[in-house]
Amino acid sequence: MEKLILRKVPNASEEMLLNFGPQHPSTHGVINFLVDTDGEVMKKAIPDVGYLHRSIEKIAEQVGYAGFMPYTDRVDYVAAMFANEGWAIAVEKLLKIEVPPRAQYLRAIAGELCRIASHLVSTGTMATDIGATTPLVHALREREALNDLIEALCGARLTYNYHRIGGVAFDLPEGWSDRVLRYLDHFETLLVEWDRLISYNHIYVKRLANVAVIPREMAVDYGLVGPNLRGSGMDWDVRRDVPYGAYPDFKFDVPVGRGFKGVSGDAFDRYYVRVLEMRESAKIVRQALEKIPDGEITAKVPRKIKPEPGEVLSRVESARGEMAYYVVSDGTEKPWRVRIRTGSYLAMGIIEDVSRGLMVADLVALIASLDVVAPEIDR
Amino acid sequence: MTTNEIHERLRAKFGEDVGPLSEPKVDPFCVVKAERIAEVARFLKDTPELQLDFCEDVAGVDQPKKNVIEVVYHLFSYQHRHGIVLKVEADRANPVVPTVETVWKAANWMEREVYDLLGVVFPGHSDLRRVLLPDDWQGHPLRKDWTEQGGYHGISNERENPLVELRRLDEKARAEAAALAPKPPPAPAAAPVPAPAPENKA
């Protein structure tokens, strides 16, 4: 990296090496991009990450299975439910615990609300990055209402710590379902408004359509997941294709990018897949609230969590795509190794290749459309 | 295809270089000889019936008891919806594993992370630099025998117990309060010494 910065530029009037970040509003957190530009056109942008590395994987080796749950919130604080859920599922698989159906439904409800909140941030900040300031205000207002609902459910607005190994921490509060349903009625109309406000805005579409195209093969090769993968036209969703929890019980569509305004796999597809996903999440929450069974919310879990030696990979569909926990147990009370595979980390890996030949302003669109969250990259 | 069938295909092609499938404690895996991993990976990706196109995860696990560092590959096929877990064991003193970056581009950044945190070297990798830690960091923290060095560039990693600081603040506050409080009246002296009679005999 150092060599790169100090490199002699052969003709200083033509090429320039810019530091884009680490404190730039469009990098969505503390990330640095070394941008090699020739005028407005980039030769390439090299991501330099690690500013938010908190060694969460090493911490996991010290704190034990139950104690690690609050730390998982910090892996992705925009969508902490999924990080919780992935960890819970991994340990349950190790312990061979069956989660009660009511807890699985509660997980699905909390997760989908969280997904809507996360996608609101993602789409809203994307609009801001492109230059439209208003949508973010609307998005954050809606997210605030969702935060209120989630707070009523689990007492926290950002780092939920809602899941427990074997279930969830709290049951539905009194009258909460009605509040959620009322909110969803409002939210579904809002999505129509949202499309009119920004999605079909001519300037916005021009800035995103046909920009930073990632073809399907490339997306698979680079290990993109979630909305980024679906934006490239790959019809794949862990919730539907490798189902876990209560998801087999719900009917929902998986939106896939098919070139809504340009070609498949461009920045607009990745954006619009998220907008469509919010609608599907609302559908799932409605079904779950309707069908939620009675019963326990936690399984019987031994007081001392001491799984048999073995290793396991849990996969959940986070708001930023497939999140996988690879956990190795050596039979003691602390995990031998925890590895968290996140969508954002791999999305950073593709930026260098996609950025070749892009305009500097389109780098912002690329980063925003990949929806990277810095703590999830660095862990 | 089940994991067992994929494994049989591998055994048929690579013989003893692919180890037996572990008895499924939870998720089974098989150990592959380090030299053959790139070939195995290429075979798994390019064979039409296998088509493991998604390199889901490359993780490193330190195993000091076995004196190896394991590199674990989780592979999956979107087309056929099957997968397999491969492991490569590298010598702990000099861990070298050929890269699979040429097979799956996703391995690029994940191998960089394994190099960064566990010190496994991947010959053939296009850009093997540290990724999460600073370039001048010493050592590889996810190894089990890693100990914290005394700080980084003058930033100490040692911190005294916060309670000590609180106690110090308490004592300071108490001392200040004592200084401000009205002084108690001085204890009465034993008996006022009578002033000497003024020598006014002028």
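Residues numbered from 1 in each chain as written. Chains lettered and ligands numbered in written order. Predicted model: local features only at pLDDT ≥ 70, side-chain atom pairs only at ≥ 80, totals over all residues.

A few points about the overall build of chain B
Here comes step 1: The number of helices and strands found in chain B is four helices and five strands.
Here comes step 2: If you list the helices and strands of chain B from N to C, you get α-β-β-α-β-β-β-α-α.
Here comes step 3: Among the 202 residues that make up chain B, the fraction classed as buried is 32%.
Here comes step 4: Excluding contacts between residues fewer than 6 apart, the proportion of contacts in chain B whose partners are at least 24 apart in sequence is 48%. (Helix = DSSP H or I, 4+ residues; strand = E, 2+ residues; numbered from the N terminus. Buried ≥ 20, exposed ≤ 12 C-beta atoms within 10 Å, placed from the backbone. Contact = placed C-beta atoms within 7 Å.)

Quick word on the overall build of chain A
Here comes step 1: Helix and strand counts for chain A stand at 15 helices and eight strands.
Here comes step 2: Here the C-alpha atoms of chain A give a radius of gyration of 21 Å, agreeing with the 21 Å that 2.2 N^0.38 yields for 379 residues.
Here comes step 3: Considering only C-alpha atoms, chain A reaches an extent of 70 × 50 × 35 Å along its principal axes.
Here comes step 4: The buried share of chain A, taken over its 379 residues, is 54%.
Here comes step 5: By sequence separation, contacts in chain A at least 24 residues apart represent 71% of the contacts at least 6 residues apart. (Rg over C-alpha atoms; globule rule 2.2 N^0.38 Å.)

Let's talk about the interface of chain A and chain B
Here comes step 1: Chain A puts 34 residues into the contact, and the matching count from chain B is 26 residues.
Here comes step 2: When the residues that make up the side of chain A that touches chain B are grouped by side-chain class, the tally is 16 nonpolar, six polar and twelve charged. (Nonpolar A, V, L, I, M, F, W, Y, C, P; charged D, E, K, R; others polar.)

Notes on the environment of E61 of chain A
Residue and element names in this part refer to chain A.
Here comes step 1: Locating E61 in the fold gives a position in helix 2 (residues 56-63).
Here comes step 2: In sequence terms E61 and V312 are 251 residues apart; their C-alpha atoms lie 15 Å from each other.
Here comes step 3: Each residue touching E61, except ones within four places of it in the same chain, is listed here: K334, P335, R337 and V338.

Observations regarding the domain arrangement of chain A
Residue and element names in this part refer to chain A.
Here comes step 1: For chain A, the assigned domains are domain 1 (2-48) and domain 2 (56-378).
Here comes step 2: Between domain 1 and domain 2, the contact holds 18 residues from the first and 19 residues from the second.
Here comes step 3: Among the residues forming the side of domain 1 that touches domain 2, the class breakdown is ten nonpolar, five polar and three charged. (Domains from an automatic or database assignment.)

A word on the packing of helix 7 (residues 176-199) of chain A against helix 12 (residues 267-291) of chain A
Residues and elements named next belong to chain A.
Here comes step 1: Contact geometry of helix 7 with helix 12 gives a least axis separation of 10 Å together with a crossing angle of 165°. With respect to each other, helix 7 and helix 12 are oriented roughly antiparallel. Considering the relative orientation of helix 7 and helix 12, their crossing is left-handed. Residue-level inspection shows S177, V180, L181, L184, F187, E188, L191, W194 and S199 of helix 7 in contact with helix 12, the latter providing Y272, V275, M278, R279, A282, V285, R286 and L289. (Axes fitted to C-alpha atoms, helices over the stretch in contact; angles between N-to-C directions. Parallel < 35°, antiparallel > 145°, perpendicular 65-115°, else oblique. Left-handed = near helix turned anticlockwise from the far one by under 90°.)

Comments concerning the pairing of strand 3 (residues 41-48) of chain A
Residue and element names in this part refer to chain A.
Here comes step 1: Of the strand pairs in this sheet, strand 2 (residues 32-38) and strand 3 are connected by seven bridges, and their pairing is antiparallel. Considered in strand 3, the bridge of N32 is made with D48.
Here comes step 2: As consecutive antiparallel partners, strand 2 and strand 3 are separated by two residues, and within that stretch G39 has a phi angle of approximately 70°, a positive value. (Pairing = 2+ DSSP bridges.)

Concerning the confidence of the model for chain B
Here comes step 1: Residue-level pLDDT values for chain B average 82, and 91% of them are 70 or greater.
Here comes step 2: The lowest-confidence element of chain B is strand 1 (residues 18-21) of chain B, averaging 74 in pLDDT; the highest-confidence one is helix 4 (residues 162-180) of chain B, averaging 90. (pLDDT = per-residue confidence, 0-100.)

Let's talk about the sheet that holds strand 3 (residues 54-63) of chain B
All names here are of chain B.
Here comes step 1: If you trace the five strands from one edge of the open sheet to the other, you get 1-2-5-4-3, paired in mixed fashion. With partners counted over all chains shown, the strands left at the sheet margins are strand 1 and strand 3, one partner each. The sheet shows a mean angle of 25° between the axes of neighbouring strands, direction not considered.
Here comes step 2: Where strand 2 (residues 30-32) meets strand 5 (residues 83-91), three bridges bridge the pair, whose relative direction is parallel. Its bridge partner lying in strand 5, V32 is registered against V88.
Here comes step 3: Across the face of the sheet, helix 3 (residues 107-118) comes into contact with strand 3 and strand 4 (68-76) while running at roughly 10° to strand 3.

Considerations on helix 13 (residues 343-354) of chain A
Residue and element names in this part refer to chain A.
Here comes step 1: Given a rise of 1.5 Å per residue, twelve residues ought to cover 16 Å, and the 17 Å separating the end C-alpha atoms of helix 13 matches this to within 8%.
Here comes step 2: In terms of residue burial, helix 13 counts as a mostly covered element, since ten of its twelve residues are buried.
Here comes step 3: Within helix 13 the residues assigned to the buried category are G343, S344, Y345, L346, A347, M348, G349, I350, I351 and V354. (Expected span 1.5 Å × (residues − 1).)

Re the sheet that holds strand 1 (residues 15-20) of chain A
Residues and elements named next belong to chain A.
Here comes step 1: Reading across the sheet, the three strands line up as 1-2-3 and stay open at both edges, with antiparallel pairing between neighbours. Every interior strand has two partners, whereas the edge strands, strand 1 and strand 3, have only one. Each neighbouring strand pair of the sheet contributes to a mean axis angle of 20°, computed without reference to strand direction.
Here comes step 2: Along the sheet, helix 14 (residues 360-370) makes contact with strand 1, strand 2 and strand 3, crossing strand 2 at roughly 145°.

Structural notes on the nonpolar core
Here comes step 1: Formed by 163 residues in total, the largest nonpolar core has its most connected members in V91, L363 and L366 of chain A together with V71 of chain B.
Here comes step 2: Residue contributions to this core peak at 14 residues, all from helix 5 (residues 101-130) of chain A.
Here comes step 3: Two domains each provide a minimum of three residues to this core, namely domain 1 (2-48) and domain 2 (56-378) of chain A.
Here comes step 4: Dropping the residues within four chain positions of it, L363 of chain A is found in contact with F20, F33, V35, M42, A45, S355 and L358 of chain A. (Core = buried A, V, L, I, M, F, W, Y, C linked by C-beta atoms within 7 Å.)

Concerning unusual backbone geometry
Here comes step 1: Of note, the phi angle at A212 of chain A is positive, near 50°, even though the residue is not glycine.
Here comes step 2: Relative to the assigned elements, A212 of chain A resides in the loop between helix 8 (202-208) and helix 9 (216-221).
Here comes step 3: Residue classification places A212 of chain A among the buried residues on the basis of 24 C-beta atoms within 10 Å.
Here comes step 4: The residue Q51 of chain B is not glycine, and still its phi comes out positive at about 50°.
Here comes step 5: Tracing the backbone shows Q51 of chain B in the loop between helix 2 (37-46) and strand 3.

Looking at the pairing of strand 4 of chain B
Residue and element names in this part refer to chain B.
Here comes step 1: Most of strand 4 sits inside the fold, with eight of its nine residues counted as buried.
Here comes step 2: Two elements, strand 3 and strand 4, share nine bridges in a ladder whose sense is antiparallel. Paired with V58 across the two strands is Y73, which belongs to strand 4.
Here comes step 3: Hairpin geometry of strand 3 and strand 4 is characterised by an intervening segment of four residues between the two adjacent antiparallel strands and by a positive phi of about 60° at N67.
Here comes step 4: Both strand 4 and strand 5 contribute to a ladder of nine bridges, which runs antiparallel.

Thoughts on the packing of helix 5 of chain A against helix 14 of chain A
Residues and elements named next belong to chain A.
Here comes step 1: Close contact between helix 5 and helix 14 brings their axes to 9 Å; oriented N to C, the two are set at 180°. As summarised for this structure, helix 5 and helix 14 are arranged roughly antiparallel, according to the angle between their axes. Taking contact as the criterion, the partners of T125, M126, D129 and I130 in helix 5 are, on helix 14, V364, A365, A368 and S369.
Here comes step 2: A per-class count over the contact of helix 5 with helix 14 returns five nonpolar, two polar and one charged.

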